[in-house]
Structures are given as C-alpha cells and as structure tokens.
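If you want the building blocks of each chain, they are given just below.
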Amino acid sequence: MMMTFDFIFAAQRDIILMKQLREAIQSGSDVEICTDIHRIHFDPHRKAVEIRPCSETSAFHHKIVPKEVKYEAFVKMLDLDWENLAPDDIMDIDF
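Residues numbered from 1 in each chain as written. Predicted model: local features only at pLDDT ≥ 70, side-chain atom pairs only at ≥ 80, totals over all residues. Heavy atoms only, no water.

Quick word on the packing of aromatic side chains
Test applied: Aromatic pairs are defined between Phe, Tyr and Trp rings, using the six-membered ring for Trp, whenever the two ring centres lie within 6.5 Å; interplanar angles under 30 degrees are classed as stacked, those over 60 as edge-to-face, and all others as tilted. Numbering of helices and strands runs from the N terminus, with a helix taken as a DSSP run of H or I at least four residues long and a strand as a DSSP run of E at least two residues long. Think of it in three bands: with a 1.4 Å probe and only protein chains considered, a residue is buried below 20% of the maximum accessible area for its type, exposed above 50%, and partly exposed in between.
Counted under the stated rule, the structure contains five aromatic pairs. Summarising the aromatic geometry, the rings of F42 and Y71 are spaced 6.5 Å apart at their centres and angled 65° between planes, so their arrangement reads as edge-to-face. Of this pair, F42 sits in strand β2 (residues 38–43) while Y71 is found in helix α3 (residues 71–78), placing the two residues 29 residues apart along the sequence. For F42, a relative accessible area of 0% puts it in the buried group. Pairwise contacts between aromatic rings join F7, F42, Y71 and F74 into one cluster.

In structure tokens, the structure reads:
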C-alpha cells in the first residue's frame, strides 16, 4: 500500500501539522516540513509542493512515490476535496 499522501490524513487528526501545512503554503517562502516518513517541500516560485520520502534509508521510503502537487490542488487535498482534483494537478517526479 502506497503512503505518499498519508500525511494529509494525519493532518486531519493533528491540528499542529495541519496548521504547519497551511502556513507553509501561505508563507510565500521556501519551506520544508518533515514527518516521520515524508519530506514535504513548498516551492513558492513554482507554486508546487514536492512530496518525497524522509530519507532513502527510511523504513518506508519504497512506499512514498515522489510527487509534485500544485498549490491549489494541495489546498483541495487538505480540505478533503479529492474529487475536484484535475489530472495534471499531481505529477510523478524523479527521485
């Protein structure tokens, strides 16, 4: 089972993580948030979020498929509005 977006569901239960994610997207700065298994990088210049494994040696690195998500789509994901994502909102990236 892939775990690429598990941090979204964790944020629904963790108000601190949710606040960090929302503040990162609104900050206009390069921000990186790490969870136990994810490295989430916010790039304000490209308006994209990169999701990668926390490290290449982490226990779950093979379950995190590197993705790039547009800012607008990332907000939809945080709001659990998955059905309104467009096909080009989420892209695979090289690891």
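Describing unusual backbone geometry
One non-glycine residue, K47, lies in positive phi territory at about 55°. With respect to the element layout, K47 can be found in the loop between β2 and β3 (48–53). With phi around 60°, L80 is a residue other than glycine that occupies positive phi space. Here L80 is to be found in the loop between α3 and β5 (90–92). Judged by relative accessible area, L80 falls into the partly exposed class, the value being 38%.

So, the pairing of β2
Every regular strand shows the same layout, with side chains that alternate between the two sheet faces. The test is simple: Here the rule is simple: two strands pair whenever DSSP picks up at least two bridges between them.
Strand direction decides the pairing type here: strand β1 (residues 31–34) and β2, joined by four bridges, are antiparallel. From the neighbouring strand, C34 faces β2, where its bridge partner is R39. Where β1 folds back onto β2 in an antiparallel hairpin, the turn is made up of three residues. Two elements, β2 and β3, share six bridges in a ladder whose sense is antiparallel. Opposite H41, over in β3, you have E50 as the bridge partner.

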